[in-house]
Every structure is written in structure tokens, then in C-alpha cells.
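The residues making up each chain are set out below.
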Amino acid sequence: MARACLWITAFMLGACAGPGGDNGGAAAPSPAEAMVGDAAADPPGGAPARAVTLDRVFPRLTFAQPTDLQAPADGSGRLFVLEQAGTIRVFANDANATAARIFLDLTAKVASGGEMGLLGLAFHPQFKTNRQFYVNYTADGPRRTVISRFTAKADNPSDADPASETLVLTFNQPYANHNGGQLAFGPDGFLYVGTGDGGWAGDPHGNGQNKATLLGKLLRLDVDRPAGGKAYGIPADNPFASGGGSPEVFAWGLRNLWRFSFDAETGRIWGADVGQNKLEEVDLLEKGKNYGWNVMEGTSCYRSLGCDKSPYVLPVAEYGRDDGLSITGGYVYRGKAAPALAGQYIYGDYGSGKIWALPYGGKPRLLLDSELNPSTFGVDANRELYLADHSGGGLWRFKPE
């Protein structure tokens with residue numbers, strides 16, 4: 001893997017890392033293991049099955065360490081790109097775009113560096129009328145994750161009101177890594193939040209398996225029906241809505257859910273959980289399910305040579321260190337420009353630049369072995385799929401070769 005280690009921090013313990021996780025505390029990495037699916041899978045390496053390629057789009061625009069790309073369902077066609085240090089930029093989905101203006105500047109509030117920063121953006125489903133959107137960022141004093149709501153200005157929807165911030169949820173981060181970052185509204189209208197296990201290496205506080213903490217989880221919030229003095233309510237069918245764990249929790253046993261997404265046609269939740277020192281995994285995330293961390297890493301026992309795997313949901317795909325070091329989750333492709341990708345989950349690796357396609361119930365295939373550091377994927381209003389290169393700052397779109 002001819003890649004620069006762009007995310008090295010004191011918590012990475014000598015390992016390269018992507019925005020989603022440090023893979024720290026590693027012994028020598030093991031050989032790549034086969035992907036898993038409904039049947040035994042072929043190893044993910046080898047020559048790419050080239051049916052598509054990546055095309056650099058908006059060539060006059062370059063972003064400073066992009067971490068997310070989103071498009072509101074408001075008919076405007078605009079694209080919004082998050083920059084790690086704390087800015088959101090907006091521009092027209094036009095190949096000749098020459099400038100991306102600042103939509104919101106949070107640099108004075110955001111603690112950025114390593115795996116911290118402005119990490120996630122979600123537009124309310126009714127953004128066109130209520131102008132509300134949500135952001136996920138890290139802050140200091142104390143070190144914490146902040147989920148906030150903002151409002152775009154009524155007279156200019158490409159300009160957010162920085163004074164409109166309403167805190168929705170905050171929780172402390174014991175270390176500077178494994179912050180999760182993704183926000184997304186599901187087809188049920190609830191806001192989903194991906195969190196990390198709190199950091200360092202190996203989940204020393206056992207947060208992944210602790211149902212009483214918000215760390216190492218996928219959360220689900222009802223932001224339209226606040227209750228109990230909070231800025232959100234608890235969906236009645238959340239697993240612990242009536243007790244037994246934090247009521248916000250939807251699924252648990254996750255190490256660092258940097259990116260997850262909803263299939264626009266089926267509603268399935270695809271999540272990419274960053275591994276420790278051996279395996280990166282793709283999960284189908286379901287309500288009330290436990291995905292194993294830190295008892296397991298992927299399909300392998302993590303804390304001991306033997307473990308009871310029966311309580312845990314195994315990944316639908318995984319890969320080892322020969323193929324990458326920090327998974328970046330993507331989307332199920334539902335666009336029209338690259339029909340060869342139809343219905344497949346597209347994801348990549350920040351360190352190796354490899355990109356795979358995974359059909360539901362099937363085996364992954366290597367699409368591309370790029371020279372990029374994909375920090376995030378995103379889709380536009382036409383459901384076309386983009387990739388953001390964290391190191392180079394460019395945006396790329398999938399198209400037929």
C-alpha cells in the first residue's frame with residue numbers, strides 16, 4: 001500500500017489511519033482474509049473488475065480535508081462539502097463551478113486534528129420548508145461530541161445562521177480517536193447517529209458492549225418530538241426505550257462507525273466499522289442487534305483465541321491488512337450514470353485507495369485500485385455517487401469506463 005500516513009496522532013501508536021479509526025495498538029498485521037457472505041468468498045485482492053472508473057469533477061474546486069458530502073432534497077441541486085477544520089461549503093452541481101462559498105463556519109467551536117473535527121451533516125427531510133440541518137463535530141473543554149441543529153437563513157438558503165445553533169446531544173470522548181461522525185435521517189424520519197467506542201485501542205473501557213453508554217453504538221433520535229426536557233424524543237420501538245440500556249441506542253457492539261447509509265430503495269442500513277489491527281468490516285445494521293466489538297473483530301475473536309460468537313451479528317464482508325487499513329463506508333448505488341453498479345454497496349479503504357462493490361447477499365468484487373484517500377462518499381439529488389479525496393481535496397464521480 002503506497003500511501004502516506006496522514007492521520008497519525010499520539011493515539012495511533014505507530015499505525016496509519018483514516019478519518020474513521022486508528023487501527024492502533026497493533027501487532028504485526030495478519031494476511032488478508034477472505035470476504036464473507038452467504039457463501040465462502042474469494043479473496044478481495046487481485047486485478048480490479050473494471051466496469052467503471054472515477055472522473056474528477058468540479059476541477060476548479062479543491063477542499064481542505066473534506067469529511068462529508070451531502071445534498072438536500074429541496075430541488076436546488078446544490079452540493080455541500082464539510083471541511084475537517086469546521087467549515088461547510090456550498091456550490092451548484094455544475095461542472096464549471098468556480099467557487100464554493102462558505103455556508104457555515106464553525107472553526108471557532110470545532111476541535112480539529114487527527115480524527116477530530118467537523119465530521120457529519122444531515123439535512124432535515126423538510127429542509128425546503130423548515131431550513132433545518134444537523135451537524136456532528138468534536139469540541140474541547142471537555143473533549144466531547146456535539147450534535148447540533150442549525151437553520152439556514154430565510155432570505156438566502158445558501159447561508160446558514162450561526163446564531164441558530166441548538167444543542168441536541170453531547171457526550172464526552174475519553175480519547176481523541178474513534179469519534180464516529182455520520183448523521184443521517186432514515187426513511188422513518190428519525191435521526192441516526194454513528195458513534196465510536198471512545199478511542200485509544202482495544203476499547204479499554206468496554207464501551208462497545210456496555211448498553212448504558214452512547215459510545216460504540218448506532219443511535220436513533222426523534223428530533224421532531226422533543227420530550228423530557230431534551231431536544232429530542234425517544235422512538236417508542238428503540239430497543240431500550242423502556243429500560244435495560246440507554247434509550248437512544250438502536251444497535252451496539254461497534255468499534256468506530258465512521259460511515260453508514262440507507263439504501264434509498266430498500267431502507268437497509270449499510271455500515272462500515274473500522275477495525276483494530278486485523279479486519280475491516282461491512283455490516284447490515286438492524287434494530288437491537290449486537291455486532292460484537294470488543295469480543296470480536298469482524299468474524300474473529302478479538303480478546304481471546306476462542307469466544308462464543310452466537311450472540312453477535314457477523315459482518316457481510318470483511319478484509320484484512322493486505323487490502324487496506326481503514327474502511328470508508330459508502331452507498332448502495334441507485335443512480336443511472338453507471339448501470340454496472342446498480343443495487344450494489346460501494347465502499348473503499350482510506351489507506352489503500354481500493355474500492356469494492358458488494359451486492360446484497362453476494363460477494364464483493366474489487367472495482368478500482370485508486371491513488372486516492374477516500375474519506376467519504378456522497379450522493380447528489382440524482383443519486384449519482386461521489387468520492388471525496390481527503391489528501392488531495394478533490395471530488396470524484398463514478399462513471400462507465
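Cut-off values and rules
Residues numbered from 1 in each chain as written. Predicted model: local features only at pLDDT ≥ 70, side-chain atom pairs only at ≥ 80, totals over all residues. Heavy atoms only, no water. Pairing = 2+ DSSP bridges. Helix = DSSP H or I, 4+ residues; strand = E, 2+ residues; numbered from the N terminus. Axes fitted to C-alpha atoms, helices over the stretch in contact; angles between N-to-C directions. Contact = heavy atoms within 4.5 Å. 1 Å grid on protein atoms, 1.4 Å probe; cavity = no way out; pocket = protein on both sides within 12 Å on 5 of 7 lines; lining within 4 Å. Points joined across faces, edges and corners; volume = space filled by probe spheres on them. Phe/Tyr/Trp six-rings, centres within 6.5 Å; stacked < 30°, edge-to-face > 60°. Buried < 20%, exposed > 50% of the residue type's maximum accessible area, 1.4 Å probe, protein only. Lys NZ or Arg CZ within 6 Å of the ring centre and 35° of its normal. Salt bridge = Lys/Arg side-chain N within 4 Å of Asp/Glu carboxyl O.

Q: In this structure, what is going on with the sheet that holds strand 21 (residues 344-349)? I would like to understand it.
A: Through backbone hydrogen bonds, the strands of a sheet pair up, either in parallel or in antiparallel fashion. Taken in spatial order, the four strands make up an open sheet running 20-21-22-23, and their pairing is antiparallel. This sheet does not close on itself; its edge strands, each paired only once, are strand 20 (327-332) and strand 23 (365-369). Going across the sheet, the axis of each strand differs from the next one's by a mean of 25°, ignoring polarity. Examined bridge by bridge, strand 22 (residues 354-359) and strand 23 share four bridges and lie antiparallel to one another. Residue pairing across strands places Ile355 opposite Leu368, the latter belonging to strand 23.

Q: Can you help me understand the side chain of Asn136 in this one?
A: As for its placement among the helices and strands, Asn136 is situated in strand 7 (residues 132-139). If sequence neighbours within four positions are ignored, Asn136 has contacts with Gly117, Leu118, Leu119, Gly120, Thr145, Val146, Ile147, Gly181, Gln182, Leu183, Val193 and Gly194.

Q: Explanation requested: the layout of surface pockets in the structure shown.
A: Over the atoms rolls a probe the size of a water molecule, and its path tells where empty space is left. What the largest pocket holds in volume is close to 830 Å³. Gln70, Ala71, Phe185, Ala264 and Val379 are the residues nearest the centre of the largest pocket, which is lined by 30 residues in total. If you list the elements that add at least two residues to the lining of the largest pocket, you get strand 6 (118-123), strand 10 (183-185), strand 14 (257-262) and strand 20.

Q: How should I be thinking about the packing of aromatic side chains in this particular structure?
A: Describing an aromatic ring pair means giving the distance of the ring centres and the angle of the ring planes. Inspection of the entire model under this criterion finds 21 aromatic pairs. Ring centres of Phe63 and Phe91 lie 5.8 Å apart, and the angle between their planes is 35°; this geometry places the pair in the tilted category. Here Phe63 is found in the loop between strand 1 (52-57) and strand 2 (66-70), whereas its partner Phe91 is found in strand 4 (residues 87-91), with 28 residues between them in sequence. For Phe63, a relative accessible area of 4% puts it in the buried group. Ring geometry for Phe377 versus Phe398: centroids 6.4 Å apart, planes at 20°, classification stacked. Of the two residues, Phe377 sits in strand 24 (residues 374-379) while Phe398 sits in strand 26 (residues 395-400), which places them 21 residues apart along the sequence. Note on Phe377: relative accessible area 1%, which makes it buried. When its relative accessible area of 1% is taken as the criterion, Phe398 is described as buried. Chaining the aromatic ring pairs together yields one cluster made of Phe80, Phe103, Phe123, Phe127, Phe133 and Phe150. Above the ring of Trp258, the side-chain terminus of Arg259 is found at 3.9 Å from the ring centroid.

Q: How should I be thinking about the pattern of salt bridges in this particular structure?
A: Pairs can form between side chains of opposite charge once their charged atoms are near each other. For the coordinates displayed, the defined rule picks out 15 salt bridges. The salt bridge involving Asp237 is made with Lys287; its shortest N-O contact spans 3.1 Å. In this pair, Asp237 sits in the loop between strand 12 (217-221) and strand 13 (249-252) while Lys287 sits in the loop between strand 16 (280-285) and strand 17 (296-297), placing the two residues 50 residues apart along the sequence. Residue Asp237 is classed as partly exposed on the basis of its relative accessible area, which comes to 38%. Look at the salt bridges and you will find they share partners, linking Asp188, Arg220, Asp237 and Lys287 into a network.

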